[in-house]
Amino acid sequence: MPKTKSRRPPRRQWSRWIRSPADERAVDAGCWFDRQAAERVEQFFTRFLRHTLGQWAGQPFKLLDWQRDDFLMPLFGWKREDGTRRFRRAYVEVPKKNGKSTLCGGLALYLLLADGEPRAQIYGAAADRDQAGIVFNEAANMVTASRDLLSRLDVIRSTKRIVDRRTDSYYRALSADAYSNEGLNAHAIVFDELHAQKDRRLWDALRYATASRRQPLTVAITTAGFDRESICFEQHQYAQGVIDGAVTDPSFFGYIRAAQPDEDWTDPAVWRKANPSFGITLDQGQ
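So, how was this worked out
- Residues numbered from 1 in each chain as written.
- Predicted model: local features only at pLDDT ≥ 70, side-chain atom pairs only at ≥ 80, totals over all residues.
- Heavy atoms only, no water.
- Disulfide = S-S within 2.5 Å.
- Helix = DSSP H or I, 4+ residues; strand = E, 2+ residues; numbered from the N terminus.
- Expected span 1.5 Å × (residues − 1).
- Buried < 20%, exposed > 50% of the residue type's maximum accessible area, 1.4 Å probe, protein only.
- Contact = heavy atoms within 4.5 Å.
- Phe/Tyr/Trp six-rings, centres within 6.5 Å; stacked < 30°, edge-to-face > 60°.
- Lys NZ or Arg CZ within 6 Å of the ring centre and 35° of its normal.
- Pairing = 2+ DSSP bridges.
- Axes fitted to C-alpha atoms, helices over the stretch in contact; angles between N-to-C directions.

**A short note on the state of the cysteines**
Logical step 1: All chains considered together, the criterion is met by zero disulfides.
Logical step 2: Summary of cysteine pairing: Cys232 is not part of a disulfide, and the nearest cysteine sulfur, belonging to Cys104, is at 13 Å.

**Topic: helix 8 (residues 231-244)**
Turn by turn, an α-helix covers 3.6 residues, leaving residues three or four places apart pointing in a common direction.
Logical step 1: Helix length check: helix 8 (14 residues) gives 20 Å between terminal C-alpha atoms against 20 Å at 1.5 Å per residue, within 8%.
Logical step 2: Within helix 8, the full set of buried residues consists of Ile231, Cys232, Phe233, Gln235, His236, Ala239, Gly241 and Val242.
Logical step 3: The elements touched by buried residues of helix 8 are strand 3 (89-93), helix 7 (201-208), strand 9 (217-222) and strand 10 (252-256).
Logical step 4: One or two residues past the end of helix 8 sits Gly245, with phi positive at roughly 90°.

**Notes on the packing of aromatic side chains**
Each aromatic ring pair is described using two quantities: the centre-to-centre distance and the angle formed by the ring planes.
Logical step 1: For the structure shown, the criterion picks out 15 aromatic pairs.
Logical step 2: Taking the centre distance of 5.9 Å and the plane angle of 85° together, the rings of Trp14 and Trp78 count as edge-to-face. Taken together, the residues span a long stretch of sequence, with Trp14 in the segment before helix 1 (21-28) and Trp78 in strand 2 (residues 78-79) at a distance of 64 residues. Assigned by exposure class, Trp14 and Trp78 land together as buried.
Logical step 3: Arranged with centres 5.3 Å apart and planes meeting at 80°, the rings of Phe44 and Tyr110 form a pair that is edge-to-face. In this pair, Phe44 sits in helix 2 (residues 35-48) while Tyr110 sits in helix 4 (residues 100-113), placing the two residues 66 residues apart along the sequence. When sorted by exposure, Phe44 lands in the same class as Tyr110, which is buried.
Logical step 4: Cluster of aromatic residues (ring-pair linked, three or more members): Phe44, Phe45, Phe48, Phe61, Phe76 and Tyr110.
Logical step 5: Arg161 extends its terminal NZ or CZ atom over the ring of Tyr170, reaching a point 4.9 Å from the ring centre.

**A few points about unusual backbone geometry**
Logical step 1: Even without glycine at this site, Arg119 takes up a positive phi of about 45°.
Logical step 2: Summarising the element assignment, Arg119 is placed in the loop between helix 4 and strand 4 (121-126).
Logical step 3: By relative accessible area, which is 55% here, Arg119 ends up exposed.

**Here's the deal with the sheet that holds strand 6 (residues 161-164)**
Logical step 1: Spatially, eight strands are ordered 5-6-7-4-8-9-3-10 in an open sheet, and the strand pairing comes out mixed. Where the open sheet ends on each side, the last strands, each with one partner, are strand 5 (153-156) and strand 10. Between one strand axis and the next, the sheet turns through 10° on average, direction left out of account.
Logical step 2: Inspection of the sheet shows strand 8 (residues 188-192) paired to strand 9 by five bridges, in the parallel sense. Across the sheet, Ala188 pairs through a bridge with Leu217, a residue of strand 9.
Logical step 3: Strand contacts of helix 4: strand 4, strand 5, strand 6, strand 7 (169-175), strand 8 and strand 9, with the helix running at about 175° to strand 8, the strand carrying the most contacts.

Remember that the coordinates give geometry; whether it matters functionally is a separate question.
What follows is the structure, given as structure tokens:
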């Protein structure tokens, strides 16, 4: 089927989302920013998702500034000339206590319900069963806390699945220690704590599982690791190259928040720089 050229608004209406040389090159290649698609993500989180833990339990999932403006809106707002999503891979690195697992759970539900993919298969991947269960439980608890989501989704905790009865799509938690190749046909993959992967077998298997989808997406959200031979360090280096402009890849999204090796880790200003959720999900006293 031939691709159709999408109708994009004038550049002046979305020029503020052109933030890097990579974005400029993407525009030259026909990419554009769809603000309606970007706002759709924020609306989904606020309307359908509720926090289920701690001081925010029961409250709408209001995205933090960095989650909205620096991650989700760019990730879903940028489009290719044919109207499909610009980005195919994303690497997001933030320190612990910045709300990563909850964000992963919400992202998985958006991809399951609102990304417009027929019979979508969404996989939440992690190094082991316990880690895979953390994000699954975040997503499952948000489903059970929402009357709207429960009217459409079945949560099957015994197999760590969430099934959309309307579209026959599903979200499934996978771990490296329990994975077996079952002919997966993934629309999207959310890798939690990529740094904990002992080898690259699960990463490669799931990446190839997206080959037949129209606009697949693989998102790795992780804290920093130490192993310079790991798949995580490989993705970190690639993302840093894209961010710095040394690597040209308009299909790759990178976001890294970390202190530099020569910075004073005892300085509160460095804490704020490295932790995008500082003062909200963690504070100076933690």
